[in-house]
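# Residue-level structure breakdown
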Amino acid sequence: MKRVLIIHGPNLNLLGIREPEIYGSFKLEELDQDLEKLAKELDLELQIVQTNHEGEIVETIQKARNWAEVIILNPAGYTHTSVAIPDALRAVGLPAIEVHLTNVHAREDFRHHSYVAGVAAGRIMGFGSDSYLLALRAAEKLLSASNE
Ligand code: DQA
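Residues numbered from 1 in each chain as written. Predicted model: local features only at pLDDT ≥ 70, side-chain atom pairs only at ≥ 80, totals over all residues. Heavy atoms only, no water.

### Considering the sheet that holds strand E1 (residues 2-8)
Note the cut-off: Strands are labelled as partners when DSSP assigns at least two bridges between them. Counting from the N terminus, the helices are the DSSP runs of H or I reaching at least four residues and the strands are the DSSP runs of E reaching at least two. Lines are fitted to the C-alpha atoms to define the axes, a helix being fitted only along its stretch in contact, and any angle between axes, read from their N-to-C directions, falls within 0 to 180 degrees. In this description, contact between two residues means that some pair of their heavy atoms is separated by no more than 4.5 Å.
Pairing is parallel across the open sheet formed by five strands, whose spatial order is E2-E1-E3-E4-E5. Only two strands of the sheet have a single partner each, and these edge strands are strand E2 (44-50) and strand E5 (122-125). Averaged over neighbouring strand pairs, the angle between their axes works out to 20 degrees when direction is ignored. Both E1 and strand E3 (residues 70-74) contribute to a ladder of five bridges, which runs parallel. Across the sheet, the residue bridging to Leu5 is Ile71, located in E3. Against the sheet, helix H5 (residues 130-147) touches E1, E2, E3, strand E4 (96-100) and E5, its axis set at about 170 degrees to E4.

### What about the side chain of Thr60?
Where we set the bar: For this analysis, a polar contact is any N or O atom pair within 3.5 Å, provided that within protein one partner can donate a hydrogen and the other can accept it, and provided that sequence-adjacent residues contribute only side-chain to side-chain pairs.
As for its position among the elements, Thr60 is in helix H3 (residues 54-64). In terms of polar contacts, Thr60 uses its side chain to reach the backbone carbonyl oxygen of Glu56, at 2.6 Å. Each residue touching Thr60, except ones within four places of it in the same chain, is listed here: Leu5, Ile7 and Val49.

### Considering the pattern of salt bridges
Let me state the cut-off plainly: Salt bridge criterion: a side-chain nitrogen from Lys or Arg within 4 Å of a carboxyl oxygen from Asp or Glu. Relative accessible area decides the class of each residue, using a 1.4 Å probe on protein chains only: under 20% of the type maximum gives buried, over 50% gives exposed, and in between gives partly exposed.
According to the stated counting rule, one finds six salt bridges in the structure shown. The residue Arg111 makes a salt bridge to Glu108 at a minimum N-O spacing of 2.8 Å. The exposure class of Arg111 is buried, given its relative accessible area of 16%. Beyond isolated ion pairs, a larger network of salt bridges with shared partners links Lys2, Arg3 and Glu69.

### Observations regarding unusual backbone geometry
With phi around 60 degrees, Asp43 is a residue other than glycine that occupies positive phi space. Its place among the elements puts Asp43 in the loop between helix H2 (28-42) and E2. Even without glycine at this site, Ala76 takes up a positive phi of about 50 degrees. Relative to the assigned elements, Ala76 resides in the loop between E3 and helix H4 (84-92).

### Observations regarding the site of the ligand
Keep this limit in mind: Whether a residue is near a molecule or strand is decided by its heavy atoms; if any one of them lies within 4 Å of it, the residue is near. Polar here means any residue outside two lists: the nonpolar Ala, Val, Leu, Ile, Met, Phe, Trp, Tyr, Cys and Pro, and the charged Asp, Glu, Lys and Arg; Gly therefore counts as polar.
Taken together, Arg18, Tyr23, Asn74, Ala76, Gly77, His80, His100, Leu101, Thr102, Val104, Arg107 and Arg111 make up the full set of residues near the ligand. Between the ligand and Asn74 there is a distance of 2.8 Å, counted from an oxygen atom to a side-chain nitrogen or oxygen. A distance of 2.8 Å separates an oxygen atom of the ligand from a polar atom in the backbone of Leu101. For the shell around the ligand, the class distribution of residues is four nonpolar, five polar and three charged.

### Quick look at H3
Along an α-helix, residues three or four positions apart point the same way, because every turn accommodates 3.6 residues. Where we set the bar: The arc in question is traced by the directions running from the helix axis to the C-beta atoms.
Of all the residues in H3, the buried ones are Ile57, Val58, Thr60, Ile61 and Ala64. In an axial view of H3, the angular spread of the buried residues amounts to 165 degrees, which keeps them on one side of the axis. For H3, the elements touching its buried residues are E1, E2, E3 and H4.

In structure tokens, the structure reads:
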């Protein structure tokens, strides 16, 4: 079974409560359940981590080196500020898919820049929770393409 690590960054633990008009009314646990269900269909093994701490994202990426084959991550606010997160992705050399619930380019200017974008295999944004489900399908495609 192929192994995929999913990282939810800061404040995503508050989905459902946090600005529902922007992020939707679903809870993170519901999204995680949908991801687990799709992972079963796609025959993927998931590890899902949520943290509000930049250093913990870096450590989770570092540890993934010995386990994951693809990383799906929503760095949330750290997308626009963190150099350490893309450095960690470069260091482990695993393909990463950057995900956002919202289309960050349709929002405030400070959200238009992503430090992760240049190191990601691809980016999916603007589809709410479906951004993650699409990313999981993209991860499966990446993995089956790398097997050919
Ligand atoms: C977000 C977009 C970021 O700009 C914001 O800071 C978030 C969530 C998204 O999923 O749309 O926390 O990553």
